[in-house]
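Spelled out, the chains give:
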Amino acid sequence: RTKSSGAVASRSESRGCKACTPPVCSPCTRSAGTVEWTPGGCVSYGVAMITRRRFALAVAASPLLPALARAQDAPEDRDPASEPAAGPIAIPDENRADRTDPPPRPPIGDAADRARTLFEAILRNEPARAADFFFPQAPFRVLKGIADPDRYWGVLFRHYERDIAALHEEVPAGAEFDRFEMTRRGGWVERRQEANALPYWASRHDWVYYRVNGRERRFEVRTLINWGPRWFITHLS
């Protein structure tokens, strides 16, 4: 290189730049085009090197482009038990927001059968078997009057899974389900009493009874609430 037209040539001029075949940079013709000598150095050499590097990066990245596109289109990780948001959900008569008096308390109904399934899930340590005994996510969105009901539902469901795992350690293998009893504890929960947008019945401190070698034992189901005529767990232990 030279600092000016009258200056002494630098070592690159005396030895030649890497882009030019002659020993001294001068106008020449290469496959990439005409090399121009300027006081700053060989323009075509710098452009050629940048172009080559960009081309090499493009070739190296090309096999990754389909995978990157698929990754951008892929959905985010979700809780396996979570439900996608849907359209408006029908509100049962028992949970109407405009109720001024509580409806009759729902009977135990199929909660007894689902309690048996819960017991089997505990014995096997398989929470997914008892997922339908937990309060469903879609009604939970309209039941709770909070900013992010889906997040809170996820927290409660993970607690439910952990409680099943803990009871698996407590209930001996070979235990047999006996019955499910709902107490009269709890009551009618009006709107806004428990950060709820809709009212519901709550049943608290209910019991699953089982037998081990003929002897009766039990564990508590802490809270169930109703959606329509059916009962669902919100807090197991």
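On a predicted model such as this, the values are computed, not experimentally measured, just so you know.

Peer 1: Looking at this structure, how should I read the packing of aromatic side chains?
Peer 2: Given two aromatic rings, one states the distance between the centres and the angle between the planes to describe the pair. Per the counting criterion, the structure on display carries 15 aromatic pairs. Where F133 meets F180, the ring centres are 6.3 Å apart and the plane angle is 85°; that geometry is what we call edge-to-face. A residue pair is termed long-range when its members are at least 10 positions apart, and F133 in the loop between α4 (111-124) and α5 (137-143) and F180 in strand β5 (residues 176-181) qualify at 47 residues. Taken individually, F133 and F180 each receive the classification buried, so the pair is uniform in this respect. Site record: aromatic cluster; members linked through ring pairs are F135, F140, Y152, W227 and F232. We note R179 situated over the ring of Y209; from NZ or CZ to the ring centre the distance is 4.0 Å.

Peer 1: What should I look at first to understand the confidence of the model for the chain in this one?
Peer 2: Of the residues in the chain, 63% reach a pLDDT of 70 or more, and the chain-wide mean stands at 78. Within the model, pLDDT remains below 50 along residues 1-51, and this stretch shows 55 contacts once partners closer than five positions in the same chain are excluded. Every residue in residues 64-80 is under pLDDT 50, and counting partners more than four places away or in other chains gives one contact.

Cut-offs and rules
Residues numbered from 1 in each chain as written. Predicted model: local features only at pLDDT ≥ 70, side-chain atom pairs only at ≥ 80, totals over all residues. Heavy atoms only, no water. Phe/Tyr/Trp six-rings, centres within 6.5 Å; stacked < 30°, edge-to-face > 60°. Helix = DSSP H or I, 4+ residues; strand = E, 2+ residues; numbered from the N terminus. Buried < 20%, exposed > 50% of the residue type's maximum accessible area, 1.4 Å probe, protein only. Lys NZ or Arg CZ within 6 Å of the ring centre and 35° of its normal. pLDDT = per-residue confidence, 0-100. Contact = heavy atoms within 4.5 Å.

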